Amino acid sequence: MDGGRIPPAARLPLSTCPRFSRRSSPGSARTSPTGRQAATSLAELQRRAARAAPAIDAEELFRREDLSLIAEVKRRSPSKGDLAGIPDPAALAGAYAAGGATAISVLTERRRFGGSLDDLDTVRAAVDIPVLRKDFMVTDYQLWEARAHGADIVLLIVAALSDVDLGHLLRLAGELGMTALVEVHDEVETQRAVDAGALVVGVNARNLKTLEVFPDTFSRLAPLIPPGCVKVAESGITGPSDAAWYAGQGADAILVGEALVTGADPVLAVEELLRQQVAS
Ligand SMILES: O=C(O)c1ccccc1NCC(=O)[C@H](O)[C@H](O)COP(=O)(O)O
């Protein structure tokens, strides 16, 4: 395994968007991947990963339910700005789990999303369901880091990776026992995900360049995803009727952030998202 390899810089279209320029911000050096790599060697991460509890098989859980919910811990977003303070991510994750969420997504990117690896640690310790490290994952180091911090699922954004790097990171995620949520936005990316062997494909309705949400993206791309793959609908899901609509379009899971963190009662909100699709 080529543990220290660092693929070329991300090809994410976001890097061309002014909101996603790669300027450093106060404090970012301390928490950037390169800053962290200087503080904690890959070898040390690998030792920590070996000591971590084995990853939970999230893919299998997604296949078990009619509709699974991945509930997100999300403080801030490039499209909406500040969403919620979330002073106690453990309590929020516990509420999601109590409501019936299948997995928790934790944004660990600090500058644009207000997240951190501390949030991942806190959530990991609070729940016994799978935890997704949601970040712009482009290096082996980040995958080892995710596993060392107890993640069961990692996000691989096709738009950010070459075919070679996508295949490589997908294999590495599997070797580490983690499920890769391979995220696509259009037909070409969907084909690339399928060709790479993705088993869990996330269709993100949010255009990465304009940040607009186009809900029909899922119905357009889902037929291109082989029946054996788990299909996840991501972004812009505002309530039970959206959940029911995506379930009807063939989604095996939905990923919801904003609607949950801005609502009054996360347990009830999760229950309602899941109850609605059972009733439909
Ligand atoms: O949320 C954003 O503004 C955003 C912008 C650019 C890239 C990614 C972005 N979000 C990450 C996500 O995929 C969402 O947090 C996730 O799908 C949940 O979306 P939502 O329910 O709309 O909060």
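Keep in mind that what you see is a predicted model, and the values were worked out from it rather than measured.

Side note on the confidence of the model for the protein chain
Right, so step 1: Taken as a whole, the protein chain shows an average pLDDT of 89; of its residues, 87% reach a score of 70 or greater.
Right, so step 2: When the criterion is pLDDT under 50, residues 1–30 qualifies, and its contacts beyond four places in sequence or with other chains add up to 56 contacts.
Right, so step 3: Both scores are available for the predicted complex, with the pTM at 0.89 and the ipTM at 0.98.

Overview of the layout of surface pockets
Right, so step 1: What the second largest pocket holds in volume is close to 500 Å³.
Right, so step 2: Partitioning the lining of the second largest pocket into residue classes produces 15 nonpolar, 7 polar and 8 charged.

Some remarks on helix α5 (residues 89–99)
Right, so step 1: Listing the buried residues of α5 in full gives Pro89, Leu92, Ala93, Ala95, Tyr96 and Gly99. Across the axial projection of α5, the buried residues extend over an arc of 155 degrees, all falling on one side.
Right, so step 2: Backbone geometry just after α5 places glycine 100 at a positive phi near 115 degrees.

Brief notes about the site of the ligand
Right, so step 1: In the region of the ligand, 19 residues are neighbours, and Glu72, Lys74, Ser79, Lys134 and Ser235 sit closest.
Right, so step 2: A distance of 2.4 Å separates an oxygen atom of the ligand from a polar side-chain atom of glutamate 72.
Right, so step 3: Contact between the ligand and asparagine 204: an oxygen atom at 3.2 Å from a side-chain N or O atom of the residue.
Right, so step 4: In isolation the ligand offers 510 Å² of accessible surface; the protein chains occlude 97% of this area.
Right, so step 5: Across the shell around the ligand, the residue classes break down as 7 nonpolar, 6 polar and 6 charged.

Thoughts on helix α8 (residues 163–175)
Right, so step 1: The first and last C-alpha atoms of α8 sit 18 Å apart over 13 residues, in line with the 18 Å expected at 1.5 Å per residue.
Right, so step 2: Residues of α8 that are buried: Asp165, Leu166, Gly167, His168, Leu169, Leu170, Leu172 and Ala173.
Right, so step 3: The secondary structure elements touched by the buried residues of α8 are α7 (140–148), β6 (153–157), β7 (179–184) and α9 (187–196).
Right, so step 4: Just downstream of α8, glycine 177 is the residue with a positive phi angle, here 85 degrees.

Looking at the packing of α8 against α9
Right, so step 1: Direction vectors running N to C along α8 and α9 enclose 45 degrees, while the axes themselves pass 10 Å from each other. Here α8 is positioned oblique relative to α9, judged by the angle of their axes. Note that α8 runs across α9; the crossing there is right-handed. In contact with Asp163, Leu166 and Leu170 of α8, α9 contributes Arg192, Ala193 and Ala196.
Right, so step 2: Considering only residue class, the contact of α8 with α9 consists of 4 nonpolar, no polar and 2 charged.

Some words on the pairing of strand β9 (residues 230–234)
Right, so step 1: By the criterion of burial, β9 is predominantly enclosed, with 5 of the 5 residues buried.
Right, so step 2: Side-chain alternation along β9 places Val230, Val232 and Glu234 on one buried face and Lys231 and Ala233 on a second face that is also buried.
Right, so step 3: In this sheet, β9 lies alongside strand β8 (residues 200–204) in parallel orientation, the contact comprising 5 bridges. Considered in β9, the bridge of valine 201 is made with lysine 231.
Right, so step 4: In this view, the connection linking β8 to its parallel neighbour β9 by way of helix α10 (residues 216–221) has right-handed handedness.
Right, so step 5: Where β9 and strand β10 (residues 253–256) come together, 3 bridges link them in parallel fashion.

Focus on the UniProt feature "domain: Indole-3-glycerol phosphate synthase" (unreviewed entry) in the protein chain
Right, so step 1: Using the residue numbers shown here, the UniProt feature "domain: Indole-3-glycerol phosphate synthase" (unreviewed entry) corresponds to residues 37–273.
Right, so step 2: For the annotated span residues 37–273, helix accounts for 42% and strand for 19% of the residues, and the straight-line distance between the end C-alpha atoms is 39 Å.

Some points on the environment of aspartate 121
Right, so step 1: Secondary-structure assignment places aspartate 121 in helix α6 (residues 117–126).
Right, so step 2: For aspartate 121, a relative accessible area of 32% corresponds to the partly exposed category.
Right, so step 3: At 2.6 Å, the side chain of aspartate 121 forms a polar contact with the side chain of histidine 149.

About the thresholds
- Residues numbered from 1 in each chain as written.
- Predicted model: local features only at pLDDT ≥ 70, side-chain atom pairs only at ≥ 80, totals over all residues.
- Heavy atoms only, no water.
- pLDDT = per-residue confidence, 0-100.
- Contact = heavy atoms within 4.5 Å.
- 1 Å grid on protein atoms, 1.4 Å probe; cavity = no way out; pocket = protein on both sides within 12 Å on 5 of 7 lines; lining within 4 Å.
- Points joined across faces, edges and corners; volume = space filled by probe spheres on them.
- Nonpolar A, V, L, I, M, F, W, Y, C, P; charged D, E, K, R; others polar.
- Buried < 20%, exposed > 50% of the residue type's maximum accessible area, 1.4 Å probe, protein only.
- Helix = DSSP H or I, 4+ residues; strand = E, 2+ residues; numbered from the N terminus.
- Arc of directions from axis to C-beta.
- Near = heavy atom within 4 Å.
- Polar contact = N/O pair within 3.5 Å; in protein donor to acceptor, adjacent residues only side chain to side chain.
- Areas by Shrake-Rupley, 256 points an atom, 1.4 Å probe, with all protein chains shown as cover.
- Expected span 1.5 Å × (residues − 1).
- Axes fitted to C-alpha atoms, helices over the stretch in contact; angles between N-to-C directions.
- Parallel < 35°, antiparallel > 145°, perpendicular 65-115°, else oblique.
- Left-handed = near helix turned anticlockwise from the far one by under 90°.
- Pairing = 2+ DSSP bridges.
- Right-handed = clockwise from strand over helix to strand, strands pointing away.
- UniProt positions renumbered as here; feature names shortened; annotations may be inferred.

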